[in-house]
Every structure is written in structure tokens, then in C-alpha cells.
Amino acid sequence: VLTAEDKKLIQQTWGKLGGAEEEIGAEALWRMFHSYPPTKTYFPHFDLSQGSDQIRGHGKKVVAALGNAIKNLDNLSQALSELSNLHAYNLRVDPPGFSLQFLSQCLQVTLATRLGKEYSPEVHSAVDKFMSAVAAVLAEKYR
Amino acid sequence: MVHWSAEEKQLIASVWGKVSVEECGAEALARLLIVYPWTQRFFDNFGNLSSPTAIIGNPKVRAHGKKVLTSFGEAIKNLDNLKGTYSKLSELHCEKLHVDPENFRLLGDILVIVLATHFGKDFTPACQATWQKLVGLVAHALAHKYH
């Protein structure tokens, strides 16, 4: 459960990204494809070379969705409702409990490399909980 | 037989050479107990684990973290025989400690994040991929003797 303190930390951390959100999204995806090659199976239609426009574009989309979720931490279910439908009925990515953990890990590594010590245990915990909550909402309609 | 490319071995060695086993070990274990509080179930006799601050400052956590990461160092010296290296520890974690192997995966991921906070941009995607591979194999080796 996201506590008030968690929510504050998440919003503060997101605020520190200072406009680099797109880069961060692209980097997180690139790290995910590199560390977890099976995740590439969902993107056969993409140019998956480093720096590709499609990775940048998709990274931007992902981060925008997360940013929106962060503005609506008190109502994630509603904020992510459409994405939840999309993942369940169209994309059918292996149930988020499993695959989104790879994105969560890579996003956290991306944040950690940029924030260093500021990615403290408390921030780490809050972000990890947030990503789990997002995954849970996205998985709600799978069956 | 696991295959390690020359590049992967280089990436592992260059990171490990700069790691303080004591600091990183303590940090990784503390984060495990903070981020995944249910893992505290294995450390009832560690004393005060009531808050992140308490956990980070807990001397038993620090000591145990150092032990865990020192063992990791052994794995790095024996990349071609992880299962053999961890055979006894695997039996111990199963028979005496009763630790669900899922926890090894969690600790591995946390270690990667700790390295990321220390190395910043130098912890490149290639570097991360190599270390994710390593922690995954260590977790697998530790689970190998479970029955």
C-alpha cells in the first residue's frame, strides 16, 4: 500500500528528472531489451537498434503514462483504466506481474544511475511499490 | 555450462574491482529488508529492524551483508563453476535456513540497483545486462540443491 510518505517521495523523485523523461523512458526500454532479451518478442515490428526512433517514441509514451499515474496516485485504477484494457485485450503482454517487473527493474536502474545516493532505500522502496501497483492495475482485466 | 564472453568477464571484473564489499553488502541487505519487508522473517534475531534508519544502522545487518557479498566474490572467482561454488550454501539455505529461492532473485536485483547508484553512467546497459545475468545465475546456483 502506498503511504502518504511514499507518494511524496515518488512525486519528488519524478520532479527531479527535469525534462529528461523521454531519455529516461528510452534508456529504460533499451536496458530492458539488453538485460531481458525475451522482452523483445513483443516488438517484432520495431527497429530495436540503439537510439531508434521507435524506442525513443515508445519510451516517451511509457514515461508519459507513468507521469500521469504519478499525478493520480490516489486513483491509479481509474487513471490507468484504458491502458489496463489495452494490455489485457490487445497487447496481452505476459501478465504484468511477470513481465513488467523487468521494466520496473530497468527503470529503477536508470533512475539510480542518474540520482546516485539520492536513490535512497526509502525512494527505492516507494518507487518499487509504485511500479508493483501499476503492474497490478494493468493486470486487473486479464481474466 | 554457462558461457561468459571476454567482454562480460571484463565488465564483471572492472565493477567488482571498485566495489567495497562491506559497504555494498550492507547496503544491499538493508535495502532487501526495507523494500521487501517480509524478508525480515529470516532475521528475527537481528534486533531492531523497525525502520529504514534502524535497519541501515543495524550492525548485524551490516555484518551479514558483508558476509553475503564476500560469498559473491567467491562466485566471481569461479564463474565457470557457480553450482559447485554454491553447493554447500545451497544445502544450507534449504535444509537449515528454509529460505524461498525467490528471495535470492530479489537480492540480486537489489544488488544491481545498488551498483547503479554507485557507478552512475558507468553502469551502462551492457554492464547491467552482464550483472543481471550473473545475479540470475548465482540465484539459480543457490537454489540448485533444494529438495
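Our structure's up above, just so we're on the same page.
A quick note: this is a predicted structure, and the numbers were derived from the prediction, not measured.

Novice: Would you mind showing me how to read the nonpolar core here?
Specialist: The nonpolar side chains of soluble globular proteins are, as a tendency, buried together. Within the largest apolar cluster, 91 residues are counted, with the highest numbers of intra-cluster contacts made by Phe130 of chain A together with Phe72, Leu115, Phe123, Trp131 and Leu134 of chain B. Considering each element in turn, this core owes the most residues, 11 residues, to helix H7 (residues 102-119) of chain B. Contact partners of Leu134 of chain B, with chain neighbours within four places excluded, come to Trp4, Ile12, Phe72, Ile76 and Leu79 of chain B.

Novice: Is there a simple way to think about empty space enclosed by the protein in this case?
Specialist: Residue and element names in this part refer to chain A. Under the criterion given, the structure shown has one cavity of 30 Å³ or more. Quantified by volume, the largest cavity comes out at close to 60 Å³. For the largest cavity, the full set of lining residues is Ile10, Thr13, Trp14, Ile70, Leu107, Leu111, Val127, Phe130 and Met131. Elements that contribute at least two residues to the lining of the largest cavity include exactly helix H1 (4-15), helix H6 (96-115) and helix H7 (121-139). The class makeup of the residues in the lining of the largest cavity is eight nonpolar, one polar and no charged.

Novice: Looking at this structure, I do not really get the environment of Ile56 of chain B. What am I missing?
Specialist: Residues and elements named next belong to chain B. Inspection of the secondary structure assignment puts Ile56 in helix H3 (residues 52-57). Of the residues examined, Ile56 reaches a relative accessible area of 36% and is grouped as partly exposed. Each C-alpha atom of the pair Ile56 and Ala26 lies 7.7 Å from the other, and the pair is 30 residues apart in sequence.

The rules behind the values
Residues numbered from 1 in each chain as written. Chains lettered and ligands numbered in written order. Predicted model: local features only at pLDDT ≥ 70, side-chain atom pairs only at ≥ 80, totals over all residues. Heavy atoms only, no water. Core = buried A, V, L, I, M, F, W, Y, C linked by side-chain atoms within 4.5 Å. Buried < 20%, exposed > 50% of the residue type's maximum accessible area, 1.4 Å probe, protein only. Helix = DSSP H or I, 4+ residues; strand = E, 2+ residues; numbered from the N terminus. Contact = heavy atoms within 4.5 Å. 1 Å grid on protein atoms, 1.4 Å probe; cavity = no way out; pocket = protein on both sides within 12 Å on 5 of 7 lines; lining within 4 Å. Points joined across faces, edges and corners; volume = space filled by probe spheres on them. Nonpolar A, V, L, I, M, F, W, Y, C, P; charged D, E, K, R; others polar.

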